[in-house]
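Residue-level structure breakdown
Here's the letter readout for the chains.
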Amino acid sequence: MATQIFVNLPVKDLNKSVEFFTKLGYTFNPQFTNEQATCMVVSDTIYVMLLVESFFKTFSDKEIADSSKVVESIVCLSTDGRDAVDAIIGKAVEAGATTRKDKIDYGFMYSGSFEDIDGHQWEYMWMDPAGPPQQQ
């Protein structure tokens, strides 16, 4: 059985979040979209549920983290290459995101990150399938 992942994130304004992630190239499943939530399709097995904060609160009795002050998670997604990392980070910044830190380049691994319009931290990375250089 294939495992699917559904990352659930609270958002302040669903329409603005959909507009932001559409600019990054993501699509949304209309079957799971209404005025309270939408299902962002990342891949055949990865989905991000963007939930209006009031609806998100119905899933937990804990307080929603203020992502402008604390990190509740870092969503990290892989890409096909270094150029893809740069492209997605560039699109995010153009759409209103802020970069979180400088890109990291270990040669065999390359990553960049941004904070979306709701303060959620995203990281995109590429790793050489051959892995790190072998120690001699």
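We now turn to the structure provided with this report.

Here is what the cut-offs are and how they apply
- Residues numbered from 1 in each chain as written.
- Predicted model: local features only at pLDDT ≥ 70, side-chain atom pairs only at ≥ 80, totals over all residues.
- Heavy atoms only, no water.
- Helix = DSSP H or I, 4+ residues; strand = E, 2+ residues; numbered from the N terminus.
- Buried < 20%, exposed > 50% of the residue type's maximum accessible area, 1.4 Å probe, protein only.
- Contact = heavy atoms within 4.5 Å.
- Areas by Shrake-Rupley, 256 points an atom, 1.4 Å probe, with all protein chains shown as cover.
- Lys, Arg positive; Asp, Glu negative; His and termini not counted.
- Charge placed at Lys NZ, Arg CZ, Asp CG, Glu CD.
- Salt bridge = Lys/Arg side-chain N within 4 Å of Asp/Glu carboxyl O.
- Core = buried A, V, L, I, M, F, W, Y, C linked by side-chain atoms within 4.5 Å.
- Arc of directions from axis to C-beta.
- Polar contact = N/O pair within 3.5 Å; in protein donor to acceptor, adjacent residues only side chain to side chain.

**Concerning the overall build of the chain**
Secondary structure summary: the chain contains 3 helices and 9 strands in total. The linear arrangement of helices and strands in the chain, starting from the amino end, is β-α-β-β-β-α-β-α-β-β-β-β. Dimensions of the chain along its principal axes, counting C-alpha atoms only, are 55 × 40 × 30 Å. Counting every position in the chain, which comprises 136 residues, the buried fraction comes to 38%. Of the contacts formed within the chain by residues at least 6 apart in sequence, a portion of 51% connects residues at least 24 apart. Accessible surface computed for the chain: about 8700 Å², of which carbon and sulfur atoms make up 51%. Across the chain, the centroid of the 11 positively charged side chains sits 4 Å from that of the 20 negatively charged ones.

**Considerations on the environment of isoleucine 46**
Along the chain, isoleucine 46 falls in strand E4 (residues 46–52). Along the chain, isoleucine 46 and phenylalanine 108 lie 62 residues apart, while their C-alpha atoms are 25 Å from each other.

**Focus on the pattern of salt bridges**
On inspection of all chains with the given rule, the structure shows 7 salt bridges. Put simply, lysine 12 and glutamate 53 hold a salt bridge, and the shortest N to O gap is 3.0 Å. Of this pair, lysine 12 sits in the loop between strand E1 (5–11) and helix H1 (14–23) while glutamate 53 sits in helix H2 (residues 53–56), placing them 41 residues apart in sequence. Residue lysine 23 pairs with glutamate 19 through a salt bridge whose shortest N-O separation is 3.5 Å. Note that lysine 23 and glutamate 19 are positioned in helix H1 at a spacing of 4 residues, about one turn of the helix. Its relative accessible area of 46% is what places glutamate 19 among the partly exposed residues.

**Focus on the nonpolar core**
Phe20, Phe21, Leu24, Leu50, Phe114, Trp122 and Tyr124 are the most contacted members of the largest nonpolar core, which has 26 residues in total. For this core, the elements supplying multiple residues, two or more each, are E1, H1, E4, strand E5 (74–78), helix H3 (82–94), strand E8 (109–115) and strand E9 (121–127). Element by element, the count of residues in this core is highest for H3, at 4 residues. Among the nonpolar cores identified, the runner-up in size contains 7 residues, and Cys39, Tyr47, Leu51 and Phe56 belong to it.

**Considering H1**
Those residues of H1 lying buried are Leu14, Ser17, Phe20 and Phe21. Taken around the axis of H1, the buried residues stretch over an arc of 125 degrees, which confines them to a single face. Projecting away from the buried face of H1 at angles above 90 degrees are the exposed residues Asn15 and Lys16. Capping the start of H1 is the job of one residue whose side-chain oxygen sits 3.1 Å from the backbone nitrogen of asparagine 15: aspartate 13. The first or second residue beyond H1 is glycine 25, which carries a positive phi of 100 degrees.

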